[in-house]
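Observations on the model geometry
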Amino acid sequence: MRALTAVTMLGGVMPLHAIAAPEQYVTYHEAFLTVEIPATALRSRSGRFVVQHGSQRAEFDLAWSTPHVDERSVNCDGGSVTYEVSKPELFAYSCLLNGKVIYHAEKLGRTYRVGASDATETVELHMTYPADERIFWDPIVTHMSRTLRVQAPKR
């Protein structure tokens, strides 16, 4: 009851589905990308991951690459930027577009010489979720972003 009272005092009444059990996570590895994703995430035919929450759903992509150029650009497709950070090892932003939050994070690993140029190990998370369900999705995105990392490939 204290939690419900505290939530009510902080920002109004919260729907009961938002006070659900904590999300469970599993570790996902691909090449040198490692991240903890929701245990309920399923891969769609298009290759994206889908997580269902009630009638709402979120979709996310995970990618790894070794680009030769560090291009950092925000792509909100005409939406408004709500968050942006650019550090040597991290580039992330979020946007609000048509009632959805678009979140993108890139973490950079080691750089090494490939031919005549340098290549940097990069891992990425790109997630889209309903803006009106941020109270549910934001902690999941935060957890995934914090656990997203470049890891040496398994041998």
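Above this note sits the structure.
Summary of the structure given here. Since the model is a prediction, treat every value here as computed from it, not as a measurement. (Residues numbered from 1 in each chain as written. Predicted model: local features only at pLDDT ≥ 70, side-chain atom pairs only at ≥ 80, totals over all residues. Heavy atoms only, no water.)

1. Notes on the state of the cysteines
The line we're drawing: To count as a disulfide, a pair of cysteine sulfur atoms needs to be within 2.5 Å. Put simply, DSSP H or I for four residues or longer makes a helix, DSSP E for two residues or longer makes a strand, and each gets a number counted from the N terminus.
Tallied over the full model, the rule gives one disulfide. A disulfide bridge connects cysteine 76 with cysteine 95, and the sulfur atoms are separated by 1.8 Å. For the disulfide bridge between cysteine 76 and cysteine 95, the dihedral angle about the S-S bond is near -65°, and by the sign convention the bridge is left-handed. A residue pair is termed long-range when its members are at least 10 positions apart, and cysteine 76 in the loop between strand 5 (56-65) and strand 6 (80-87) and cysteine 95 in strand 7 (residues 90-97) qualify at 19 residues.

2. Points about the pattern of salt bridges
In plain terms, the rule: Throughout this description, the term salt bridge denotes a Lys or Arg side-chain nitrogen within 4 Å of a carboxyl oxygen of Asp or Glu. Between buried and exposed lies partly exposed: a residue is buried under 20% and exposed over 50% of the maximum accessible area for its type, with that area taken using a 1.4 Å probe on protein chains only.
Taken as a whole and assessed by the stated rule, the structure comprises seven salt bridges. Note that aspartate 118 is salt-bridged to arginine 113, the shortest N-O span being 2.9 Å. With relative accessibility at 37%, the residue aspartate 118 sits in the partly exposed group. By relative accessible area, arginine 113 is classed as exposed at 55%. Through salt bridges with shared partners, one network takes in Arg48, Arg57, Glu59 and Asp61.

3. Comments concerning the pairing of strand 7
Looking down a regular strand, the side chains alternate between one sheet face and the other. Rule in force here: Strand pairing follows a simple DSSP-based rule, namely that at least 2 bridges must link the two strands.
The element strand 7 is largely enclosed, with a buried count of seven among its eight residues. Of the strand pairs in this sheet, strand 6 and strand 7 are connected by seven bridges, and their pairing is antiparallel. Bridge pairing in strand 7 links lysine 87 to leucine 90. Where strand 6 hands over to strand 7, the hairpin turn is made up of two residues, counted between the paired strands.

4. Comments concerning the environment of methionine 127
Keep this limit in mind: Pairs of residues are marked as contacts when any of their non-hydrogen atoms sit within 4.5 Å.
You can see methionine 127 is positioned in strand 9 (residues 117-130). With relative accessibility at 0%, the residue methionine 127 sits in the buried group. Beyond its immediate sequence surroundings of up to four residues, methionine 127 is in contact with Ala58, Glu59, Phe60, Val101, Ile102, Tyr103, Trp137, Ile140, Val141 and Met144.

5. A short note on the side chain of serine 94
Note that serine 94 resides in strand 7. Residues contacting serine 94, with those up to four places away along its chain left out, are Ser80, Val81, Thr82, Tyr83, Val101, Ile102 and Tyr103.

6. Overview of the pairing of strand 4 (residues 49-53)
For strand 4, a buried count of four out of five residues is recorded, marking the element as mostly surrounded by other parts of the structure. Here strand 3 (residues 42-43) pairs with strand 4 via two bridges, running antiparallel. Following the sheet pairing, arginine 43 is matched in strand 4 by phenylalanine 49. Between strand 3 and strand 4, which pair antiparallel and follow one another directly, the connecting turn spans five residues, one of which, glycine 47, has a positive phi of 95°. Where strand 4 lies against strand 5, five bridges are found, and the strand directions are antiparallel. Bridging across to strand 5, histidine 53 finds its partner in glutamine 56. From the end of strand 4 to the start of strand 5, which pair antiparallel, there are two residues, and glycine 54 there has a positive phi angle of about 60°.

7. A short note on the sheet that holds strand 10 (residues 149-150)
This is how the line gets drawn: In this analysis, axes come from line fits to C-alpha atoms, helices being fitted only over the stretch in contact, and the angle between any two N-to-C directions falls in the range 0 to 180 degrees.
The three strands are arranged 1-2-10 in an open sheet whose pairing can be described as antiparallel. If you trace the sheet from one side to the other, it starts and ends with strand 1 (25-30) and strand 10, each paired once. As paired strands, strand 2 (residues 33-38) and strand 10 are joined by two bridges and run antiparallel to one another. Note on strand 10: the bridge partner recorded for leucine 33 is valine 150. Packed on one face of the sheet, helix 2 (residues 134-147) meets strand 1, strand 2 and strand 10 and runs near 160° to strand 2.

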